Amino acid sequence: MDMKRIRRHPSPVEDPDPESDPARPPATPEKRSAAAGYMPAFRQLAVFAIAVLMLLPLFLLLSRSGISLDRFVKASFEKEGFRVVSGEEGGPPVSSNAPKDRFLGGLLVDGFDEASCLSRYQSVMFRKVSSYIPSPYLLKRLRNYEALHKRCGPATELYNKTIDQLKSGRNVESAECNYVVWISYSGLGNRILTLASSFLYALLTNRVLLVDRGSDMADLFCEPFPETSWLLPLDFPINQFSSFQKESSESYGNMLKNNVFANSGDGVPKGKIPPYIYLHLSHDYGDHDKLFFCDEEQLLLQKIPWLVLRSDNYFVPSLFLMPAYEKELHQLFPKRDTVFHHLGRYLFHPTNSVWGLVKRYYLAYLAKVDESVGIQIRVFETEPGPFQHVLDQILGCTRKEKLLPDVTLQEPIGLTAYIRSKAILVTSLNSGYSENIRNMYWENPATNGEIISVYQPSHEEFQQTEKQTHNRKAWAEMYLLSLTDTLVTSSWSTFGYVAQGLGGLKPWIMFKPENRTTPDPPCRRVMSMEPCFHAPPFYDCKAKTGIDTGALVPYVRHCEDMDWGLKLVDRDEW
Ligand SMILES: Nc1nc2c(ncn2[C@@H]2O[C@H](COP(=O)(O)OP(=O)(O)OP(=O)(O)O)[C@@H](O)[C@H]2O)c(=O)[nH]1
Ligand SMILES: [Mg+2]
């Protein structure tokens, strides 16, 4: 393909135009009767009769193919959600009668104000039932955690007590409440993954997770724990988070490096233990910071009530390599590749404004098709693109793996009563790829006769990590991708990892192109739906030497898209 084949067209799928929105209510009765008042009665009657005659075929067609949104929403919501399940191959869609469990197998609890977070109660109507059941032990630990958070969370007596201790600089060993403070940092996909990792760490260490709200966290996610808040109070005394960096003197790694307090190995420190410490777990962390993943350092960290953590990585796989947590983690997640799937569905509920974006888009474009394919395109180039080698890769992957039909020059002769429909949901910062795919399926029929529609909710052109509307759209798009039936993602992208984990989907991942050349093969199916830890430590804590941490146990492997990354897979044998 030559570069000319990527054409720029004004995108018909920009933010839905309220003026052209078919779901918009009709003009108000006042306006209509005012206009009608100028018409003589017989003319009104004639116009009405003609209108009825003209609209009759359309009405019959709509009711035959079930496009009436009102009817669809009402019937489906009452029965089984906004979802039409495909019938027999080639046949019209049929409804599934499987009952929907709005509490996701006990993962969620009731008792929240429904109106304050609609997605918590409504998302089940948009999702397929997960094939992964949370373990009874995970449910028990989540309930215990909720009780702990309620007891020690913001504005409680115990919280105020530990804040007083923090202010006074005193450390009280064996404090009743201990905390992990998560610093808002990096792209939204990364933030979601680090929050899930920090929550798991909090569960394992009986700490309370508090979330620095940064510029927009409160606008994106509902409160996940009942009758309390996970947001760090604004008057929290340590507020110089931006100064906490790799070189900070408050960092645990630097304290170890500079012998401020050396660990004697049995959890007994040689120096005075501070009331708080900064954990630098970002991609650029050093060898001393990485000791966080050693059991003996954890013994020492247990004595520090406040851990302030900054990370941009999904560090869960390395927790699975720590002997101290092995048994507990196996009990929590007997199926090891479901960590983010369960924790993600437990923690991340879009706020009403984000949920509106998800809901409206889904109902407008995805609810009625027989099948949906999500394609998440992330290009790590300095120029915006679109790039021909990326388009070739997308089409090469979807054709080779038979996710999308080929096109033909031959127009089909017959017209069958029922035509299968497939929607492609593209997410990308650039609109070029979806425009091209849309044109391809408009200009040419699909070989299998399917009707393919292509949608892209936004094309923001470049990353704007701190901008609120931008992040709301990014979150809505990750969520929408997670609602598709089949997913294609891009290498190295945390955006795609979030979608696959929430959706319980094992995507086809497109390999990262080198030298602007389409990789061969263009993609492969992933081993598990778990995200990849991009910057894991390669260290044997016992032997104190370097080691390949992707070759220690069968359930922590190197990632498909990053040779040195680690991810969890559901395997007990090599
Ligand atoms: N709306 C939208 N925003 C995107 C898309 N891809 C990337 N972004 C934006 O760019 C940011 C990228 O950060 P992440 O969410 O971490 O995604 P990522 O693909 O891992 O990208 P990097 O952080 O740059 O490695 C997101 O937070 C969004 O703000 C997309 O397809 N749609
Ligand atoms: Mg990222």
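Now for a quick tour of the structure. (Residues numbered from 1 in each chain as written. Chains lettered and ligands numbered in written order. Predicted model: local features only at pLDDT ≥ 70, side-chain atom pairs only at ≥ 80, totals over all residues.)

1. Description of the overall build of the protein
Convention followed: Labels follow the DSSP assignment, with helices taken as runs of H or I lasting at least four residues and strands as runs of E lasting at least two, numbered in each case from the N terminus. C-beta atoms are placed from the backbone for every residue, and two residues are taken to be in contact when these atoms lie within 7 Å.
A tally of helices and strands in the protein yields 19 helices and 14 strands. For the protein, long-range pairs separated by at least 24 residues make up 73% of all intrachain contacts whose partners lie at least 6 apart in sequence.

2. Looking at the pairing of strand S7 (residues 451-455)
For the record, the criterion: Exposure in this text rests on C-beta crowding, where 20 or more other C-beta atoms within 10 Å of a residue's own make it buried, 12 or fewer make it exposed, and counts in between make it partly exposed. The C-beta atoms are placed from the backbone. The rule for pairing is simple: two strands pair if DSSP sees at least two bridges between them. Classification remark: right-handed applies to a crossover when, strands pointing away from the viewer, the course from the first strand over the helix to the second runs clockwise.
With burial as the criterion, only one face of S7 is covered, namely that bearing Ile452 and Val454; the residues Ile451, Ser453 and Tyr455 on the opposite face remain uncovered. Examined bridge by bridge, strand S6 (residues 421-428) and S7 share five bridges and lie parallel to one another. In the sheet register, Leu425 faces S7, and the bridge partner there is Tyr455. In this fold, S6 hands off to helix H17 (residues 432-443), which returns the chain to S7; that crossover is right-handed.

3. Let's talk about unusual backbone geometry
For the bond from Gly385 to Pro386, the omega torsion is 10°, close enough to zero to count as cis. Considering the arrangement of structural elements, one finds Pro386 in the loop between strand S5 (371-377) and helix H16 (388-400). In the Ramachandran plot, Lys544 falls in the positive-phi region, its phi being about 55° despite a non-glycine side chain. Looking at the element boundaries, Lys544 is found in the loop between strand S11 (539-540) and strand S12 (545-546).

4. With respect to the sheet that holds strand S4 (residues 306-311)
What counts is decided by this rule: Note on geometry: axes are lines fitted to C-alpha atoms, helical ones only across the stretch in contact, with angles between N-to-C directions running from 0 to 180 degrees.
Taken together, the four strands give an open sheet; going across it, the order is S2-S1-S4-S3, and neighbouring strands pair in parallel fashion. Looking at which strands have only one partner, the edges of the open sheet turn out to be strand S2 (208-211) and strand S3 (276-281). Strand after strand, the sheet turns through a mean of 25° between neighbouring axes, direction not considered. Bridge count between S3 and S4: six bridges; the pairing is parallel. Pairing of Tyr276 across the sheet is with Trp306, part of S4.

5. Here we look at the environment of Thr486
Relative to the helices and strands, Thr486 is located in strand S8 (residues 486-490). For Thr486 and Pro507, which are 21 residues apart along the polypeptide, the C-alpha to C-alpha distance reads 6.9 Å. Each residue touching Thr486, except ones within four places of it in the same chain, is listed here: Val373 and Leu403.

6. Points about the site of ligand 1
The following threshold applies: Contact assignment follows one rule, namely that a residue is near a molecule or strand if its backbone-placed C-beta atom lies within 6 Å of it. When residues are sorted by character, Ala, Val, Leu, Ile, Met, Phe, Trp, Tyr, Cys and Pro go into the nonpolar class, Asp, Glu, Lys and Arg into the charged class, and all the rest, Gly among them, into the polar class.
Gly187, Leu188, Gly189, Ser493 and Thr494 are the nearest of the 20 residues found near ligand 1. Mapped onto the shell around ligand 1, the elements with two or more residues apiece are helix H7 (188-205), S6, helix H18 (468-482) and helix H19 (494-503). In terms of residue count, H18 provides more of the shell around ligand 1 than any other element does, five residues in total. When grouped by side-chain class, the residues that make up the shell around ligand 1 number four nonpolar, twelve polar and four charged.

7. Notes on the pairing of S5
Counting buried residues in S5 gives six out of seven residues, a clear majority hidden from the surface. Relative to S6, S5 runs parallel, the two sharing seven bridges. Its bridge partner lying in S6, Val373 is registered against Ile424. What joins S5 to S6 is H16, and the crossover it makes is right-handed. By the bridge criterion, three bridges tie S5 to S8 in an arrangement that is parallel. Paired with Ile375 across the strands is Val488, a residue of S8.

8. Comments concerning the nonpolar core
Here is a general trend for soluble globular proteins: nonpolar side chains tend to be buried in one another's company. The condition that has to hold: Note on terminology: a nonpolar core is any set of buried Ala, Val, Leu, Ile, Met, Phe, Trp, Tyr and Cys residues joined through C-beta atoms within 7 Å. Residue ranges for the domains trace back to a domain assignment, done automatically or taken from a database.
If you look at the biggest cluster of nonpolar residues, it comprises 122 residues, and the most contacted ones within it are Val181, Leu200, Leu279, Val316, Val358, Ile424 and Leu480. The dominant element in this core, judged by the number of residues it contributes, is H7, at ten residues. A domain split of this core shows at least three residues from each of domain 1 (136-347) and domain 2 (366-531). For Ile424, the residues in contact, after removing those within four places along its chain, are Val373, Ile375, Ile437, Ile452 and Val454.

9. Remarks on the sheet that holds S5
Here six strands make up an open sheet; going across it, the order is S7-S6-S5-S8-S9-S10 and the pairing mixed. The open sheet has two edge strands, S7 and strand S10 (523-525), and neither has a second partner. Neighbour to neighbour, the strand axes of the sheet diverge by 20° on average, direction disregarded.

10. Here's the deal with the environment of Leu166
Summarising the element assignment, Leu166 is placed in helix H6 (residues 157-168). Residue class for Leu166 comes out partly exposed when judged on the 19 C-beta atoms lying within 10 Å of it. Other than its neighbours up to four places away in sequence, Leu166 contacts Pro237, Pro275, Tyr276 and Trp306.

11. Details of helix H5 (residues 136-152)
In an α-helix, one turn spans 3.6 residues, which is why side chains three or four residues apart end up on the same side. Where we set the bar: Expected span of a helix, by definition, is 1.5 Å for each gap between consecutive residues, and there is one gap fewer than residues. Here the arc refers to the directions that run from the helix axis out to each C-beta atom.
Compared with the 24 Å implied by 1.5 Å per residue over 17 residues, the 24 Å span of H5 between its first and last C-alpha is a close match. Among all positions of H5, only Leu138, Leu142, Leu148, His149 and Cys152 are buried. In an axial view of H5, the angular spread of the buried residues amounts to 125°, which keeps them on one side of the axis. Along H5, exposed side chains directed more than 90 degrees from the buried face belong to Pro136, Arg143 and Asn144. Looking at the buried side of H5, the elements it contacts are H6, S2, helix H13 (323-332) and helix H14 (339-347).

12. Remarks on the environment of Tyr145
Summarising the element assignment, Tyr145 is placed in helix H5. Classification of Tyr145 by C-beta neighbours within 10 Å gives partly exposed; the count is 19. Considering only alpha carbons, one finds Tyr145 and Leu203, 58 residues apart in sequence, at a separation of 6.8 Å.

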